[in-house]
Amino acid sequence: MKGSLVSSEIAEPYAQALMSLAQARDITGYIGDEFRSLGQLLEESPELQDFITNPVIDDADKKNVLRQILGDCDRDLLNFLMLLVDRRRIAFLPAVIEQYLTILRVLNKTVLAEVTIAQEPNDDQRHAIEAKVRQLISAESVELKIVVDASVLGGLIVRVGSQVFDASLRGQLRRIGMQLNV
């Protein structure tokens, strides 16, 4: 369902409504941070995502789990999630999160860069990568989505929209191999 047209059409109005509420209360960044954490949790726990999106599981159980996960988050955010459960739209939560974050990036003039790297970077490396990506694409602000993939061997691959900057060891070896076959 992720990324499908139907999912996007359903998620966008909910994301827009939440953004309007967040802008009125000046908490767009806070909601974005909460959604990033929740989205990451759903990605890392397929069992949780299956539980939340399963139509057979009782809505009250889903609400209790969401309350436990979110703890003492903003009341409006919690009410928004409860509304998704009540309207049987909680299955679209990952799409709503992605849509909200896309709107937030546009609002903040931030570019999303997906960085594929062999191992999880430390804070200094993350800041260096962010600075380099900002320089590469001439952007004011960059949001990094780090993807760890040991097959890149070393270096990194940066994707911004349709642009790809391959500075990985795997990419360099592939280019050398192509030159040798010529």
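Residues numbered from 1 in each chain as written. Predicted model: local features only at pLDDT ≥ 70, side-chain atom pairs only at ≥ 80, totals over all residues. Heavy atoms only, no water.

**Side note on the overall build of the chain**
Piece 1. In terms of regular secondary structure, the chain is built from eight helices and four strands.
Piece 2. Of the regular secondary structure in the chain, the N- to C-terminal order runs α-α-α-α-α-α-β-α-β-β-β-α.
Piece 3. Going through the 182 residues of the chain one by one, you find that 37% of them count as buried.
Piece 4. Pairs at least 24 residues apart make up 63% of the contacts formed inside the chain by residues separated by at least 6 positions.
Piece 5. Summed over its atoms, the accessible surface of the chain is roughly 10900 Å², and 51% of this surface lies on carbon and sulfur atoms.
Piece 6. Side chains of the chain carry 20 positive and 26 negative charges; the gap between the two charge centres is 4 Å. (Helix = DSSP H or I, 4+ residues; strand = E, 2+ residues; numbered from the N terminus. Buried < 20%, exposed > 50% of the residue type's maximum accessible area, 1.4 Å probe, protein only. Contact = heavy atoms within 4.5 Å. Areas by Shrake-Rupley, 256 points an atom, 1.4 Å probe, with all protein chains shown as cover. Lys, Arg positive; Asp, Glu negative; His and termini not counted. Charge placed at Lys NZ, Arg CZ, Asp CG, Glu CD.)

**Here's the deal with the pattern of salt bridges**
Piece 1. Scanning all chains against the criterion turns up twelve salt bridges.
Piece 2. The closest approach of N and O atoms between Asp-33 and Arg-36, which form a salt bridge, is 3.0 Å. You can see Asp-33 and its partner Arg-36 sitting in helix H2 (residues 28-44), three residues apart, about one turn around the helix.
Piece 3. Residue classification places Arg-36 among the partly exposed positions, given a relative accessible area of 31%.
Piece 4. In this structure, the salt-bridge partner of Asp-166 is Arg-174, at a minimum N-O distance of 3.1 Å.
Piece 5. Take Arg-174: its relative accessible area is 44%, and that puts it in the partly exposed class.
Piece 6. Here the residues in one salt-bridge network are Asp-33, Arg-36, Glu-98, Arg-105 and Glu-143, joined through shared partners. (Salt bridge = Lys/Arg side-chain N within 4 Å of Asp/Glu carboxyl O.)

Keep in mind that these numbers describe shape and distance, not what the molecule does.
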